[in-house]
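Structural description and commentary
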Protein chains: 2
Amino acid sequence: MSYDLFYWPTIQGRGEFVRLSLEEAGAAYRDLARESGKGAGVAALLQLLKDRKLERPPFAPPILRAGRLLIGQTANILQYLGSRHGLAPKQAAGQWWVQSLQLTIADFVDEVHDTHHPIAAGLYYEQQKQEAQRRSADFLKNRVPKFLGYFEHVLANNRRGERYLAGAKLTYADLSMFQIMAGLHYAFPRAMVKAGSKYRRLELLQARVQERPRIAAYLESARRIAFNRDGIFRHYPELDTQ
Amino acid sequence: MSYDLFYWPTIQGRGEFVRLSLEEAGAAYRDLARESGKGAGVAALLQLLKDRKLERPPFAPPILRAGRLLIGQTANILQYLGSRHGLAPKQAAGQWWVQSLQLTIADFVDEVHDTHHPIAAGLYYEQQKQEAQRRSADFLKNRVPKFLGYFEHVLANNRRGERYLAGAKLTYADLSMFQIMAGLHYAFPRAMVKAGSKYRRLELLQARVQERPRIAAYLESARRIAFNRDGIFRHYPELDTQ
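Residues numbered from 1 in each chain as written. Chains lettered and ligands numbered in written order. Predicted model: local features only at pLDDT ≥ 70, side-chain atom pairs only at ≥ 80, totals over all residues.

Our next topic: the overall build of chain A. For chain A, the count of helices and strands is nine helices and four strands. Walking chain A from its N terminus toward its C terminus, one meets helices and strands in the order β-α-β-α-β-β-α-α-α-α-α-α-α. For a compact globule of 242 residues, the expected C-alpha radius of gyration is about 18 Å, and chain A comes in at 18 Å, within 12% of that figure. When the 242 residues of chain A are sorted by exposure, 45% land in the buried category. (Helix = DSSP H or I, 4+ residues; strand = E, 2+ residues; numbered from the N terminus. Rg over C-alpha atoms; globule rule 2.2 N^0.38 Å. Buried ≥ 20, exposed ≤ 12 C-beta atoms within 10 Å, placed from the backbone.)

For the rest of this paragraph, the subject is unusual backbone geometry. What you tend to see is this: most non-glycine residues have negative phi, and most peptide bonds are trans. Residue and element names in this part refer to chain A. Cis geometry marks the peptide bond from Pro61 to Pro62, where omega comes out at 0 degrees. Counting through the fold element by element, Pro62 comes out in the loop between α2 (41-50) and β3 (63-66). Here Gln73, not a glycine, exhibits a phi torsion of approximately 75 degrees, which is positive. As for its placement among the helices and strands, Gln73 is situated in the loop between β4 (69-72) and α3 (74-84). By the C-beta count within 10 Å, which is 26 here, Gln73 ends up buried.

Looking now at the sheet that holds strand β1 (residues 3-6) of chain A. Residues and elements named next belong to chain A. Strands sit in the order β2-β1-β3-β4 across an open sheet of four strands; the sheet is mixed. Each edge of the open sheet carries a strand with a single partner, namely β2 (29-31) and β4. Going across the sheet, the axis of each strand differs from the next one's by a mean of 20 degrees, ignoring polarity. In this sheet, β4 lies alongside β3 in antiparallel orientation, the contact comprising four bridges. Pairing of Arg65 across the sheet is with Leu70, part of β4. Lying over the sheet, helix α1 (residues 15-25) contacts β1, β2 and β3, oriented at roughly 160 degrees with respect to β1. (Pairing = 2+ DSSP bridges. Axes fitted to C-alpha atoms, helices over the stretch in contact; angles between N-to-C directions. Contact = placed C-beta atoms within 7 Å.)

With that settled, consider the sheet that holds strand β1 (residues 3-6) of chain B. Residues and elements named next belong to chain B. Ordered in space as β2-β1-β3-β4, the four strands form an open sheet in which the pairing is mixed. Each of the sheet's edge strands pairs with one partner strand only, and the pair in question is β2 (29-31) and β4 (69-72). For this sheet, the mean angle separating the axes of adjacent strands, direction not counted, is 20 degrees.

In this section: the packing of α1(A) against helix α6 (residues 172-187) of chain A. All names here are of chain A. Relative to each other, α1 and α6 sit at 130 degrees, their axes nearing to 9 Å. It follows from the interaxial angle that α1 and α6 lie oblique. Remark: the crossing between α1 and α6 carries right-handed chirality. Across from Glu16, Phe17, Leu20, Ser21 and Glu24 in α1, the residues of α6 making contact are Tyr172, Leu175, Ser176 and Gln179. Considered class by class, the residues forming the contact of α1 with α6 number four nonpolar, three polar and two charged. (Parallel < 35°, antiparallel > 145°, perpendicular 65-115°, else oblique. Left-handed = near helix turned anticlockwise from the far one by under 90°. Nonpolar A, V, L, I, M, F, W, Y, C, P; charged D, E, K, R; others polar.)

Below, the structure is given as structure tokens:
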């Protein structure tokens, strides 16, 4: 089956977590809003979001279409793809564990977004810059150590080795963790340099994922959108460690 | 099997979504941090959170212990309970749909929290009161209509009737939606009155859930913690519609 991904065409955003899993799975998919022609482009995404007749209308992108199924919410999509493409453990206990990791990553992503938009998603960064500086300072001082410290500890405690977050094999949570690390390095380079070897296992995980053949090919392709100031991870020097 | 819920004992918080599902299911459970004695109380919760030897350490409460399984993240716990206690559809497509609703509710809950804590979870409300007023104004003007408008539309479009969010039977998403409506009425009474009949279907859903025998009994019991200013839904008159 070929999938259709509906997501904003000019940012990585939350859609990138889905793209990474689709790429690692070697799945056939169309990144619909990035294509042109009939039934594609941003128009197709907007049409789906505005369709008042859908019985199960998605709230927001990313949305995955798999045959007749339309799935919303990033973590939900990843759970679905993970179970179909060997990116999740086979045992139920491992599946609940991986999904709890993914949901914690999702919480972290929300907090990353709010570093530059602490007041309102509908306002420009410039309209909430002061608040953003205050929130970012707290984020770097307290939240990054809490979240990354947690995931570093998860790697250290994995009885099957510290190559992956859960068990002995790659899961969608590892792909998402790669994206978190790449994003933090882009958005907060000075803070990440300053953290030094504190998150050594996570840095190694990032490298490990990045070197996987399909991921490496994806990252070098035109399919990978570059980080930019419209996405979740944004580089504003004034928000980074000074 | 009897469950153990690990959550802060003096607030509804995110744990309340789990409590509601456990109560509706008529499941045997211990709200561990609210009990006293050996292996109970806040000490038991803190011990679990500080246990550095756990292979699968949860990030934060609520945490559910089901036999040897320890499950973290509210939506994950609800998915687990839903599948075991008839609080989720039997078909896979319905299950993905309900979980996407629950995850959208979780996103909304995060935004409710940030109305009084837009800068830092670790600071007091009084230390971010100005920012809270700015964020709350946007929340009431833009975010509440977006989220509640969405769920109202979901009810209206349910082909099995507008009694529940998904299909013809109650799911954990309905229980969570009840909590959202109750919380909003507590925290933002003027804004909710002003909204009038805009969310009529959601108001009826709230009443419908509230009247279910097990939920009604729970709400009247000492097990239900009252809303207060330490939880997610907080009533600060200055943050409500003026």
